[in-house]
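Residue strings, one per chain:
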Amino acid sequence: AAACLAILTSSGYIYYRMNFKTYSTVLISSESDIRMALNKKGEVLYLESNDLSGKKIIKTYDAKGKDKVTAANDILKKELEDGVISSGDTVELYIKTDDSVNYDAYKSEFEKEIPRLNLNVKVHGMEDYKKPENNTEKEQKEEPSKPVPPHEKENEDKLPEKPIKPELDENTAN
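So, a few notes on the structure that sits alongside this text. (Residues numbered from 1 in each chain as written. Predicted model: local features only at pLDDT ≥ 70, side-chain atom pairs only at ≥ 80, totals over all residues. Heavy atoms only, no water.)

**Focus on the overall build of the protein**
Looking only at helices and strands, the protein features six helices and five strands. Mapped in sequence order, the helices and strands of the protein form the string α-β-β-β-α-α-β-α-β-α-α. By residue count, 28% of the 174 residues in the protein fall in the buried class. By sequence separation, contacts in the protein at least 24 residues apart represent 52% of the contacts at least 6 residues apart. (Helix = DSSP H or I, 4+ residues; strand = E, 2+ residues; numbered from the N terminus. Buried < 20%, exposed > 50% of the residue type's maximum accessible area, 1.4 Å probe, protein only. Contact = heavy atoms within 4.5 Å.)

Okay, here's the thing in structure tokens:
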């Protein structure tokens, strides 16, 4: 009975590791910046994005259980349809995995399949990813200049007059 329990437990753990644990991550770096979490078989566990257009795509597309290349192609097709990217654009994919064999296989699959969408693809390791600055956030954080009333603008070039000393009368002097 103990041996049976040990076999069941270990096979359950292996099944969990193969199907439900994030084994690698692929970032589709386009205007939407969508990150795919993959299990050991290369199937999508979930999608995430911090970008508004990425969140919109994730809301309307269920990638769970789909192959990484199928999901990437579907996401990029949706971006093309929505005008987020255009035909002929370059899309960069960043892969994070601890297994160099998987990295090479993933890279090869993406480089072979994505150009069929008439997109240029560049595949890199995740360590090469540099998050682009979001200009709209930067602009919002800068404080707008405060308006100067017209009467103050006129006086900007003039030097201030000498301060007037109050005259003391003889009774208050002592």
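**Remarks on the pattern of salt bridges**
If you walk through the whole model with that rule in mind, you get six salt bridges. Between Asp-82 and Lys-78 there is a salt bridge, with its nearest N and O atoms 3.5 Å apart. Separated by four residues within a single helix, Asp-82 and Lys-78 lie in helix 3 (residues 68-82), roughly one turn from each other. Its relative accessible area of 34% is what places Asp-82 among the partly exposed residues. (Salt bridge = Lys/Arg side-chain N within 4 Å of Asp/Glu carboxyl O.)

**Points about the sheet that holds strand 3 (residues 44-49)**
The mixed open sheet is built from five strands, whose spatial order is 3-2-1-4-5. At either end of the open sheet lies a strand with only one pairing partner, and these are strand 3 and strand 5 (120-125). The average undirected angle you get between the axes of adjacent strands in this sheet is 20°. Where strand 1 (residues 24-29) meets strand 2 (residues 34-38), five bridges bridge the pair, whose relative direction is antiparallel. By the bridge assignment, Thr-25 is partnered in strand 2 with Ala-37. Helix-sheet contacts for helix 4 (residues 100-113) involve strand 1, strand 2, strand 4 (90-97) and strand 5, and the interaxial angle to strand 5 is about 170°. (Pairing = 2+ DSSP bridges. Axes fitted to C-alpha atoms, helices over the stretch in contact; angles between N-to-C directions.)

**Focus: the packing of aromatic side chains**
Scanning the entire structure with this criterion turns up one aromatic pair. For the pair Tyr-94 and Tyr-129, a centre-to-centre distance of 5.0 Å together with 70° between the ring planes defines the contact as edge-to-face. Taken as a pair, Tyr-94 in strand 4 and Tyr-129 in the loop between strand 5 and helix 5 (135-141) lie far apart in primary sequence, 35 residues in all. (Phe/Tyr/Trp six-rings, centres within 6.5 Å; stacked < 30°, edge-to-face > 60°.)

**Notes on the nonpolar core**
If you look at the biggest cluster of nonpolar residues, it comprises 27 residues, and the most contacted ones within it are Met-36, Leu-47, Ile-75, Leu-76, Leu-93, Phe-110 and Ile-114. Elements with a contribution of two residues or more to this core: strand 1, strand 2, strand 3, helix 3, strand 4, helix 4 and strand 5. With residues up to four places along the chain from it excluded, the contact list for Met-36 reads Ser-24, Thr-25, Val-26, Ile-28, Val-44, Tyr-46, Leu-47, Lys-68, Ala-71, Ala-72, Ile-75 and Phe-110. (Core = buried A, V, L, I, M, F, W, Y, C linked by side-chain atoms within 4.5 Å.)

**Digging into unusual backbone geometry**
Residues other than glycine predominantly adopt negative phi, and peptide bonds predominantly adopt the trans conformation. The phi dihedral of Asp-33 falls on the positive side, at around 45°, and the residue is not glycine. Summarising the element assignment, Asp-33 is placed in the loop between strand 1 and strand 2. For Asn-118, which is not glycine, the phi dihedral falls at a positive 65°. In this structure, Asn-118 sits in the loop between helix 4 and strand 5.

**Observations concerning helix 4**
For helix 4, which comprises 14 residues, the first-to-last C-alpha distance of 20 Å matches the rise-based estimate of 20 Å (1.5 Å per residue) to within 8%. Within helix 4, burial applies to Asn-102, Tyr-103, Tyr-106 and Phe-110. In an axial view of helix 4, the angular spread of the buried residues amounts to 100°, which keeps them on one side of the axis. Facing away from the buried side of helix 4, by more than 90 degrees, are the exposed residues Ser-100, Val-101 and Lys-112. Residues of helix 4 that are buried sit in contact with strand 1, strand 2, helix 3, strand 4 and strand 5. In this structure Asp-99 caps helix 4, since a side-chain oxygen of it lies 3.0 Å from the backbone nitrogen of Val-101. (Expected span 1.5 Å × (residues − 1). Arc of directions from axis to C-beta. Polar contact = N/O pair within 3.5 Å; in protein donor to acceptor, adjacent residues only side chain to side chain.)

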